[in-house]
Amino acid sequence: MSLNAIWSEGRAALNGWLSIPDGFASEVMAHQGWDTLTIDMQHGIVDYAYAVRMLTAISTTQVVPIVRVPWLDPGIVMKVLDAGALGVICPMINSAEDAEIFTSALRYAPRGRRSFGPIRANLAHGADYPKRADDLVTGFAMIETRAALDALDAILAVPELDAIYIGPADLALSLGAEPRFDPVDPVVTGPIEHILARAKHHGKRAGIHTGSASYARAMVEKGFDFVTIGSDARFMAAGAARAVADFRNVGNDVKIAY
């Protein structure tokens, strides 16, 4: 399964977010019904070695594995692809030149400059992976700054760019607004709608990070093709907080068996 296969069915992809560096936690998330899972190497505490373990855990399912790399570095883009990622989200793409550097690392020659060495990708995706890789892999450029907004059409015009991904928090900061999930401030929502409209104009897919299922559904209704809800760490914290709150609200006659 790939993102293109999901999109060819005419539906948006529901993406989960992995920031806990653990194979078992990733495997648990992978069995919950997500279309895709993104390993966060930028703001999470995941390094490359852990990312490989997490990709291996995800491959016990049909979930599409994606990695958000730490920064615009062709070397790490190529390494996560060789490890089996079928999508890469790259932060802080602020110009067409940035987008071209990023996309060149996604494709083999003659379409790009990706170095050949799919050490785990062959195992995960089949011996014919090298022949299919250029079309299997999806590249997302994160649009999250005023500079990116100013260069938006130039970025979207880069031929090998598949999609954009909006980071609402950094976008809000760049525009002088409060960083938060599920923004309602027109200072932020206006540019989000503009980014989506320009992506559609250029024939690119559009994704966005959200904090709730209701907001994610609203974004799909607006036309987004890829929506992220929360993260593994947030789900764990929320579930634990609910359990503690439920317990604290019960009377003092509760007996705990050890």
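What counts, and where the lines are drawn
Residues numbered from 1 in each chain as written. Predicted model: local features only at pLDDT ≥ 70, side-chain atom pairs only at ≥ 80, totals over all residues. Heavy atoms only, no water. Helix = DSSP H or I, 4+ residues; strand = E, 2+ residues; numbered from the N terminus. Rg over C-alpha atoms; globule rule 2.2 N^0.38 Å. Buried < 20%, exposed > 50% of the residue type's maximum accessible area, 1.4 Å probe, protein only. Contact = heavy atoms within 4.5 Å. Areas by Shrake-Rupley, 256 points an atom, 1.4 Å probe, with all protein chains shown as cover. Lys, Arg positive; Asp, Glu negative; His and termini not counted. Charge placed at Lys NZ, Arg CZ, Asp CG, Glu CD. Core = buried A, V, L, I, M, F, W, Y, C linked by side-chain atoms within 4.5 Å.

Asker: Tell me about the overall build of the chain, and name the residues and values.
Answerer: Counting its secondary structure elements, the chain contains 13 helices and 8 strands. Here the C-alpha radius of gyration of the chain, 19 Å, is about what a compact globule of 258 residues would show, namely 18 Å. Here the C-alpha coordinates of the chain stretch approximately 70 × 45 × 30 Å along the principal axes. A burial count over the chain gives 50% of its 258 residues as buried. Taking all contacts inside the chain whose residues are at least 6 apart in sequence as the whole, residues at least 24 apart take part in 61%. Surface accessibility of the chain: about 11,900 Å² in total, with carbon and sulfur atoms responsible for 56%. In the chain, 23 side chains carry a positive charge and 29 a negative one; their mean positions are 3 Å apart.

Asker: I'd like to hear about the nonpolar core, residue by residue, with values.
Answerer: I39, I164 and F224 are the most contacted members of the largest nonpolar core, which totals 79 residues. I39 has contacts with L18, V46, A51, M54, L55, I58, I66, V67 and R68, leaving out every residue within four places of it along the chain.

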